Amino acid sequence: MTDEDALDFAIVVYREDECWEAELLPVALTSDLHGLIHALKQQPSESGTIGLVAVGDEFFVALRVLGDRVDVFLSDIAASWDYPLARQVLEYLDVPVPDEDEMEEILQDEDTALPAGDLSIFVDLGLDEMELGILSGDIDLHPEDMLSSIAARLGFSEPFERAIDSVFG
């Protein structure tokens, strides 16, 4: 797959009758954080709702809605200059978008992605902060591969992969 072929996708993951389910969300939500949160809040779930969004080959966002609580994780702050969703996540987290000098410093080390948000978003489901940090910092993986690893670690690999297959065919 070339960069031009890379697709944006958003998937909602939830538990129903003690089983994980995953469904594709409209692609428009890959650039609308508030719409994404609204969509996740509409999905009933036994243990909260998870949103996983990949934007091309650039970054991913993970969200978790539990009642009125919304936890958000962004895999790479540098994406905030070029992608509305990444910028919206930083604003939601009340993290300043890096200025030009800060961005140059961040981008100086091409082998590192700098995440933002709640690294403990999935701790109670078995994915600790260190694992999420290491996974999101692996620049050799595409966002969909990172999200696939997260899905496997959290126990909903099969429904997640079915939803991904509907994107990538």
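Since the structure is predicted, the reported quantities are computational estimates derived from the model, not experimental observations. For every chain, the first residue of the written sequence is number 1, and numbering continues from 1 along that sequence. With pLDDT at 70 or above as the cut-off, local features in this predicted model cover only qualifying residues; side-chain atom pairs require 80 or more to be listed or tallied, and sums for whole chains, interfaces and linings still use all residues. Derived side-chain values reflect all non-hydrogen atoms in the structure, with water molecules and hydrogen atoms excluded from consideration.

Draft legend 1. Focus on the sheet that holds strand β5 (residues 69–74). Here 6 strands make up an open sheet; going across it, the order is β2-β1-β3-β4-β5-β6 and the pairing antiparallel. Each having just a single partner strand, β2 (19–25) and β6 (116–117) make up the two edges of the open sheet. Pairing between strand β1 (residues 9–16) and β2: 7 bridges, direction antiparallel. By the bridge assignment, Tyr-14 is partnered in β2 with Glu-21. Note on contacts: a residue pair is in contact if any heavy atoms of the two residues lie within 4.5 Å. Here an angle of 0 to 180 degrees is reported between the N-to-C directions of two axes, which are lines fitted to C-alpha atoms, with helices fitted over the stretch in contact. Working definition: helices are DSSP H or I runs of at least four residues, strands are E runs of at least two. Numbering for both runs from the N terminus. Taken strand by strand, helix α1 (residues 33–42) contacts β1, β2, β3 (49–55), β4 (59–66) and β5, and its axis lies near 40° from that of β4. Here, a strand pair is defined by DSSP locating no fewer than two bridges between the strands.

Draft legend 2. Structural context of the packing of helix α4 (residues 129–136) against helix α5 (residues 143–154). One can describe the packing of α4 onto α5 by two numbers: an axis separation of 10 Å at closest approach and a directional angle of 155°. Relative to α5, the element α4 is oriented roughly antiparallel. As α4 runs across α5, the sense of the crossing is right-handed. Two secondary-structure elements touch here, α4 through Glu-131, Leu-132, Leu-135 and Ser-136 and α5 through Met-146, Ser-149, Ile-150 and Arg-153. The residue inventory of the contact of α4 with α5, partitioned by class, reads 4 nonpolar, 2 polar and 2 charged. Roughly parallel means an angle under 35 degrees; roughly antiparallel, over 145; roughly perpendicular, 65 to 115; everything else is oblique. Helix crossings fall into two classes, left-handed where the near helix is turned counterclockwise from the far one by less than a right angle and right-handed where it is turned clockwise. Residues are grouped as follows: Ala, Val, Leu, Ile, Met, Phe, Trp, Tyr, Cys and Pro are nonpolar; Asp, Glu, Lys and Arg are charged; every other residue, Gly included, is polar.

Draft legend 3. Here's a closer look at the pattern of salt bridges. For this analysis, a salt bridge means a side-chain nitrogen from Lys or Arg found within 4 Å of a carboxyl oxygen belonging to Asp or Glu. Across all of its chains, the model carries 4 salt bridges by this definition. A salt bridge links Glu-131 to Arg-153, with the shortest nitrogen-to-oxygen separation between them at 3.0 Å. Here Arg-153 lies in helix α5 and Glu-131 lies in helix α4, a separation of 22 residues in the sequence. A relative accessible area of 29% means that Glu-131 is categorised as partly exposed. In this structure, Glu-158 engages Arg-162 in a salt bridge whose closest nitrogen and oxygen atoms are separated by 3.4 Å. Residue Glu-158 and its partner Arg-162 are both found in helix α6 (residues 157–168); the two are separated by 4 residues, about one turn of the helix. Only protein chains enter the accessibility calculation, which uses a 1.4 Å probe; a residue whose area is less than 20% of its type maximum is buried, one above 50% is exposed, and one in between is partly exposed.

Draft legend 4. Highlighting the environment of Ile-11. Tracing the backbone through its elements, the reader meets Ile-11 in strand β1. Between the C-alpha atoms of Ile-11 and Ala-163, which are 152 residues apart in sequence, the distance is 7.2 Å.

Draft legend 5. Structural detail: the side chain of Ser-75. Within the secondary structure layout, Ser-75 lies in the loop between β5 and α2 (84–93). Ser-75 gets classed as buried once you look at its relative accessible area, which sits at 3%. There is a polar contact of 2.8 Å between the side chain of Ser-75 and the backbone nitrogen of Phe-60. In this structure Ser-75 touches Phe-59, Phe-60, Ala-113, Leu-114, Pro-115 and Ser-136, once residues within four positions along its chain are discounted. Two N or O atoms form a polar contact when they lie within 3.5 Å of each other; inside protein one atom must be a possible hydrogen donor and the other a possible acceptor, and for residues adjacent in sequence the pair counts only when both atoms belong to side chains.

Shape descriptors only; they carry no functional weight alone.
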